[in-house]
Amino acid sequence: MPEGNLYEQIIDAVHANYGSHPGRRALHAKGSWARGTFKATAEAAHLSRAPHLQGDEVAALVRFSNASGDPEADDAERDGRGMALKLRWDGGETDILATTSPTFATRTPEDFLELLLLRRPDPATGQPDMEKLGAFLGEHPETAPAAQAILMQEPIASFAAAAYFSPHAFALLDADKNRTWVRYRFVPDAGEERIDDDEAKLRGRDYLHTEIAERLATATVGFDLQLQLAADDDPLDDPTAVWPQERELIAVGRLELTEAADDPERDGHIDVFDPTRIVDGIELSDDPVLLARPKAYSVSAYKRWDRD
Ligand code: HEM
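Everything quoted here is computed from the prediction, not taken from an experiment.

### Re the overall build of the protein
In terms of helices and strands, the protein carries eight helices and ten strands. Computed over its C-alpha atoms, the radius of gyration of the protein comes to 19 Å, within 12% of the 19 Å expected for a compact globule of 308 residues. Its C-alpha atoms put the protein at 60 × 45 × 40 Å along the principal axes. Among the 308 residues that make up the protein, the fraction classed as buried is 37%. At a minimum sequence separation of 6, the contacts of the protein that also span at least 24 residues come to 73%.

### What about helix 8 (residues 288-305)?
With 18 residues, helix 8 extends 26 Å between its outermost C-alpha atoms, agreeing within 8% with the 26 Å of an ideal straight helix rising 1.5 Å per residue. In the structure, helix 8 departs most strongly from a straight axis at P294, where the bend amounts to approximately 25°. Those residues of helix 8 lying buried are V289, L290, R293, A296, Y297, V299, S300 and K303. Taken together, the buried residues of helix 8 touch helix 1 (6-18), helix 3 (109-118) and strand 10 (282-284).

### Points about the environment of Y297
Residue placement: Y297 occurs in helix 8. Assessed through the 21 C-beta atoms surrounding it within 10 Å, Y297 is described here as buried. Residues Y297 and Q228 lie 69 residues apart in sequence; the distance between their C-alpha atoms is 26 Å. Setting aside chain neighbours within four positions, we find Y297 in contact with V272 and D274.

### Here we look at unusual backbone geometry
Look at H28: it is not a glycine, yet its phi comes out positive at around 55°. With respect to the helices, strands and loops of the structure, H28 is situated in the loop between helix 1 and strand 1 (30-40). Residue class for H28 comes out buried when judged on the 24 C-beta atoms lying within 10 Å of it. The phi dihedral of K177 is positive, around 65°, even though this residue is not glycine. On the secondary structure map, K177 appears in the loop between strand 6 (170-173) and strand 7 (179-188). Classification of K177 by C-beta neighbours within 10 Å gives exposed; the count is 8.

### A look at the pairing of strand 3 (residues 81-89)
With seven of nine residues buried, strand 3 is to be regarded as a mostly interior element. The pairing of strand 2 (residues 58-66) with strand 3 spans eight bridges and is classified as antiparallel. Bridged to L61 within strand 3 is K86. Sheet analysis places strand 3 next to strand 4 (residues 92-99), joined by eight bridges and oriented antiparallel. Across the sheet, M83 pairs through a bridge with A98, a residue of strand 4.

### Some thoughts on the site of the ligand
Residues in contact with the ligand amount to 29 residues; listed here are only the nearest, R25, H28, R63, G82 and S300. Secondary-structure elements contributing two or more residues to the shell around the ligand are strand 2, strand 3, strand 4, helix 3 and helix 8. Looking at which element gives the most residues to the shell around the ligand, the answer is helix 8, with eight residues.

### Concerning the nonpolar core
A60, V62, M83, L85, A98, F186 and L255 are the most contacted members of the largest nonpolar core, which totals 47 residues. The element contributing the most residues to this core is strand 2, with five residues. Here M83 is in contact with V62, F64, A98, Y164 and F186, once residues within four sequence places are set aside. Counting residues in each nonpolar core, the second largest holds 18 residues, with V14, L27, L113 and L116 among its members.

### What about the environment of M152?
Relative to the helices and strands, M152 resides in the loop between helix 5 (144-151) and strand 5 (164-165). Spatially, the C-alpha atoms of M152 and R78 are 7.8 Å apart, while their sequence positions differ by 74 residues.

### Let's talk about the packing of helix 1 against helix 3
A pair of packed helices can be characterised by two numbers: the angle between their axes and the separation between those axes. Remark: helix 1 packs on helix 3, axes separated minimally by 9 Å, with the N-to-C direction vectors making an angle of 25°. Viewed along their axes, helix 1 and helix 3 adopt a mutual orientation that is roughly parallel. Handedness of the crossing formed by helix 1 with helix 3: left-handed. Contact with helix 1, carried on its side by L6, Q9, I10, A13, V14 and N17, involves P109, E110, F112, L113, L116 and L117 of helix 3 and no other residues of that element. Per-class residue counts for the contact of helix 1 with helix 3 are nine nonpolar, two polar and one charged.

### A few points about the packing of helix 3 against helix 4 (residues 130-139)
Two elements in contact, helix 3 and helix 4, have axes whose closest approach is 9 Å; the angle formed by their N-to-C orientations is 155°. As summarised for this structure, helix 3 and helix 4 are arranged roughly antiparallel, according to the angle between their axes. Where helix 3 crosses over helix 4, the two elements pack in a sense that is left-handed. Contacts between helix 3 and helix 4 involve E114, L115 and L118 from the former and K132, L133 and F136 from the latter. Here the contact of helix 3 with helix 4 is composed, by residue class, of four nonpolar, no polar and two charged.

Reading the values: the criteria
Residues numbered from 1 in each chain as written. Predicted model: local features only at pLDDT ≥ 70, side-chain atom pairs only at ≥ 80, totals over all residues. Helix = DSSP H or I, 4+ residues; strand = E, 2+ residues; numbered from the N terminus. Rg over C-alpha atoms; globule rule 2.2 N^0.38 Å. Buried ≥ 20, exposed ≤ 12 C-beta atoms within 10 Å, placed from the backbone. Contact = placed C-beta atoms within 7 Å. Expected span 1.5 Å × (residues − 1). Bend = angle between axes of the 7 residues up to and from the residue. Pairing = 2+ DSSP bridges. Near = placed C-beta within 6 Å. Core = buried A, V, L, I, M, F, W, Y, C linked by C-beta atoms within 7 Å. Axes fitted to C-alpha atoms, helices over the stretch in contact; angles between N-to-C directions. Parallel < 35°, antiparallel > 145°, perpendicular 65-115°, else oblique. Left-handed = near helix turned anticlockwise from the far one by under 90°. Nonpolar A, V, L, I, M, F, W, Y, C, P; charged D, E, K, R; others polar.

Okay, structure coming up:
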């Protein structure tokens, strides 16, 4: 019988699948850091009164990651890749988390726990029970778009040459409290580039992390922050739902990363990226996955801070 509340059970299940690595994130354990600036477009201020969307340049801290809970994960593995952004300005802070998959695998944290438990490798074979996993996927067709994006696509060529998406809806509130429901995405200046599996293996197990550090040593890495605008019938609380491609996209800001940064997490200091860390001018949706995340991240953060 699993112990603890839902979020402790999720982190225990993650640890059972990937191993428990003291001092490391339970998921997205392998990461590279970068610093730069974010500057909102004029359009952003029309949509939201949030301080970081008024057009002043603000400081940006980014962490690129492999979704795996294994800090030694091979960069050639087919898996999600993450980009977490922290914006800090005088008196405020907000985070945006995104991955290379436009949607998430499950509608609820309970289903995510079930999926994690089914993915646990059998000690005898080293493989999960594929029959049970197949039955889950049959009962949960909403998982297919994320599985497709994560497993069926070849590895990205560079952290700088990938688009990153947040599958949750957020509302932007303007000065008159008009609400616009949106999803975030980061679109790379370098364009999107993938390489085949053999080429990724040839580049070596840390090729993404080595490359982004080398790239930042000589060049700026840029992304447009875009908003995908919801239509009236787009679900706002379902991170598995694909919003149609023809939905309007609006560029609301420029992210320019100018240098690689050392892992700032040392001497007891940790940084947690939390998708619910929002400010006035932005509101959360009722998406149960979004609302569960800070609780699961707190358990993960507590465990990595408590290194013994
Ligand atoms: C119930 C659903 C989810 C659970 C339980 C979960 C769990 C976790 C955990 C435990 C961490 C490490 C947290 C830490 O120690 O700071 C993490 C990191 C992360 N998650 Fe999730 N996650 C979920 C959904 C999502 C979704 C929908 C996205 C899509 C944007 C996402 C993107 C990320 C990213 C980018 C990171 C790395 C953040 C960093 O670099 O610090 N997660 N997740």
